[in-house]
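# Notes for the structure review
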Amino acid sequence: MGEFGVGIIGASPDSGWAFGAHVPAIAATPGLRVAAVATTREESARRAADLLGGAEWFTDPAALAAGATVDLVVVSVRVPRHRELIMAALPAGKPVLSEWPLGASTAEAEEITEAARFARVRGFTVLQGRYDPVIAEARSLVASGALGELQALSVRSSRTPGTVFPAELAYTLDAANAAGTLEVHGGHLLDLLDHLVPGLEVIDGTSSPVRTAYPVTGSDEPAAVTAPDTLSATLRVGRSGIGALTAWDGDPAGSTVIVLQGLDGRLELRTADPGTPALRQPQMAPFRGTLVTAGGTRELAPAASDLPVAARNPAALYRQVAEDLANGTTTAPTFEEAVTLHRRLDRFR
């Protein structure tokens, strides 16, 4: 496998997920290196490049995408800018990896995907929850028939923080930013569940903004809440099994609990406390599990890792992307899969 240069749009060293998740994940992936970074300000772009050992820096995302050292463009910015920046990168003809959600709406995601298809650009999406090692092991157990015919699925998941919202995340409370409990938490959760139980069907869904305002750190004024902070769904699993999902915001001890019951066994999956409230969402917090069958009990646990929690699942995703780049394949989560997920979330609106 050759080495591929990654250009990150939105690689601010002061905020965002790029330096907390993408940079260490790329560094841990054989065959990939950060070759270029772009931010809106020259000062932050220069500083990011210096921190990365002399990567190229840009303030123009199209110039980054066209750069000779860049083989993969990563878009790691807030959702409302995804369409603009992905469209700017497509003329370079290089694969693009975008954070989830792909667009601020299903229509935007469809437009982005069609544009990438027209430009013959492979589009990948950061749906990293499916790469949790315990979820991957659990998926293999389900596929092998360890549980027998699936009978019932129960899912409870809470996004933190508790009663006070961090100022840097307050934008997610505004429905216009398409980055709240429904889109980010709900989207990642549904993708993870669909990976765990292929063919999972959402029979009906609903969402609601229960809170009208949220206290914000460092501010005397609460932030208005327009985005849903609670969602639920009735599910179908397997041939005739049923299920229920509830997700909400504001639990001080937020976690995800998944119980999958089959005629021959039960699988219980729970997220462990990652140590940081902002990382308790199911796509980031590490899972542990217990398989109970007539043959006994088996514990599922991740292997030890030196990577930061936020980078562990993305690192596994980047390994898949690196293989795709080397082999000319498209097996990592795609733009098309993102569109399907966007459409499923529309069932909750």
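Since the model is a prediction, treat every value here as computed from it, not as a measurement.

Criteria and cut-off values
- Residues numbered from 1 in each chain as written.
- Predicted model: local features only at pLDDT ≥ 70, side-chain atom pairs only at ≥ 80, totals over all residues.
- Heavy atoms only, no water.
- Helix = DSSP H or I, 4+ residues; strand = E, 2+ residues; numbered from the N terminus.
- Buried < 20%, exposed > 50% of the residue type's maximum accessible area, 1.4 Å probe, protein only.
- Contact = heavy atoms within 4.5 Å.
- Areas by Shrake-Rupley, 256 points an atom, 1.4 Å probe, with all protein chains shown as cover.
- Pairing = 2+ DSSP bridges.
- Right-handed = clockwise from strand over helix to strand, strands pointing away.
- Axes fitted to C-alpha atoms, helices over the stretch in contact; angles between N-to-C directions.
- Parallel < 35°, antiparallel > 145°, perpendicular 65-115°, else oblique.
- Nonpolar A, V, L, I, M, F, W, Y, C, P; charged D, E, K, R; others polar.
- Salt bridge = Lys/Arg side-chain N within 4 Å of Asp/Glu carboxyl O.
- Polar contact = N/O pair within 3.5 Å; in protein donor to acceptor, adjacent residues only side chain to side chain.
- Phe/Tyr/Trp six-rings, centres within 6.5 Å; stacked < 30°, edge-to-face > 60°.
- Lys NZ or Arg CZ within 6 Å of the ring centre and 35° of its normal.
- Arc of directions from axis to C-beta.

Each helix and strand counted, the protein chain has nine helices and 16 strands in total. For the protein chain, the spread of C-alpha atoms along the principal axes amounts to about 60 × 55 × 40 Å. Counting across all 349 residues of the protein chain, residues that qualify as buried make up 52%. If you take every contact in the protein chain between residues at least 6 apart in sequence, the share linking residues at least 24 apart comes to 72%. For the protein chain, the exposed surface amounts to about 14,500 Å²; the carbon and sulfur share of it is 51%.

All right, on to the pairing of strand β4 (residues 72-75) then. Along β4, one buried face is formed by Leu72 and Val74 and the opposite face, lined by Val73 and Val75, is buried too. Direction of pairing for strand β1 (residues 4-9) relative to β4: parallel, over a ladder of four bridges. Residue pairing for β4: Val6 is matched across the bridge by Leu72. The sheet contact formed by β4 and strand β5 (residues 96-99) spans three bridges and is parallel. Across the sheet, Val75 pairs through a bridge with Ser98, a residue of β5. The β-α-β motif built from β4, the intervening helix α4 (residues 82-89) and the parallel element β5 has right-handed crossover chirality.

The next subject is the packing of α4 against helix α5 (residues 106-118). The N-to-C vectors of α4 and α5 enclose an angle of 5 degrees; their axes lie 10 Å apart at closest approach. When the axis of α4 is compared with that of α5, the two are roughly parallel. The residues of α5 that touch α4, namely those facing Arg83, Ile86 and Met87, are Glu108, Glu111, Ile112 and Ala115. Across the contact of α4 with α5, the residue classes tally to four nonpolar, no polar and three charged.

Below, the discussion takes up the pattern of salt bridges. By the definition in use, this model includes 21 salt bridges. A salt bridge links Glu114 to Arg117, with the nearest nitrogen and oxygen atoms 2.4 Å apart. Note that Glu114 and Arg117 are positioned in helix α5 at a spacing of three residues, about one turn of the helix. For Arg117, a relative accessible area of 43% puts it in the partly exposed group.

Take Thr125: it is sitting in strand β6 (residues 123-126). Classification of Thr125 by relative accessible area gives buried; the value is 0%. One polar contact links the side chain of Thr125 to the main-chain carbonyl oxygen of Thr334, over a distance of 3.1 Å. Thr125 has contacts with Leu97, Ser98, Glu99, Trp100, Leu317, Pro333, Thr334, Phe335 and Ala338, leaving out every residue within four places of it along the chain.

A few words on the packing of aromatic side chains. All told, the structure shown has zero aromatic pairs when counted by the stated rule. Note that Arg78 overlies the ring of Tyr171, its terminal NZ or CZ placed 3.7 Å from the centroid.

Three or more residues of helix α2 (residues 42-51) are buried, namely Ser44, Ala45, Ala48 and Ala49. For α2, the angular spread of the buried residues around the axis is 135 degrees, confining them to a single face. α2 presents Asp50 and Leu51 as exposed residues on the side facing more than 90 degrees away from its buried surface. Against the buried residues of α2 lie α1 (18-27), β2 (32-38) and β3 (56-58). Backbone geometry just after α2 places Gly53 at a positive phi near 80 degrees.

Sheet architecture is open: eight strands sit in the order β8-β11-β12-β7-β13-β14-β15-β16, paired in mixed fashion. Two strands lie at the open edges of the sheet, namely β8 (201-208) and β16 (296-300), each paired on one side alone. Here the average twist between neighbouring strands, direction ignored, is 10 degrees. Looking at chain direction, strand β15 (residues 287-293) and β16 are connected through five bridges and run antiparallel. In the strand pairing of β16, Thr293 is matched with Gly296. Its contacts with the sheet place helix α6 (residues 133-144) against β7 (150-159), β13 (256-262), β14 (265-271), β15 and β16, and it is angled at close to 145 degrees to β16.

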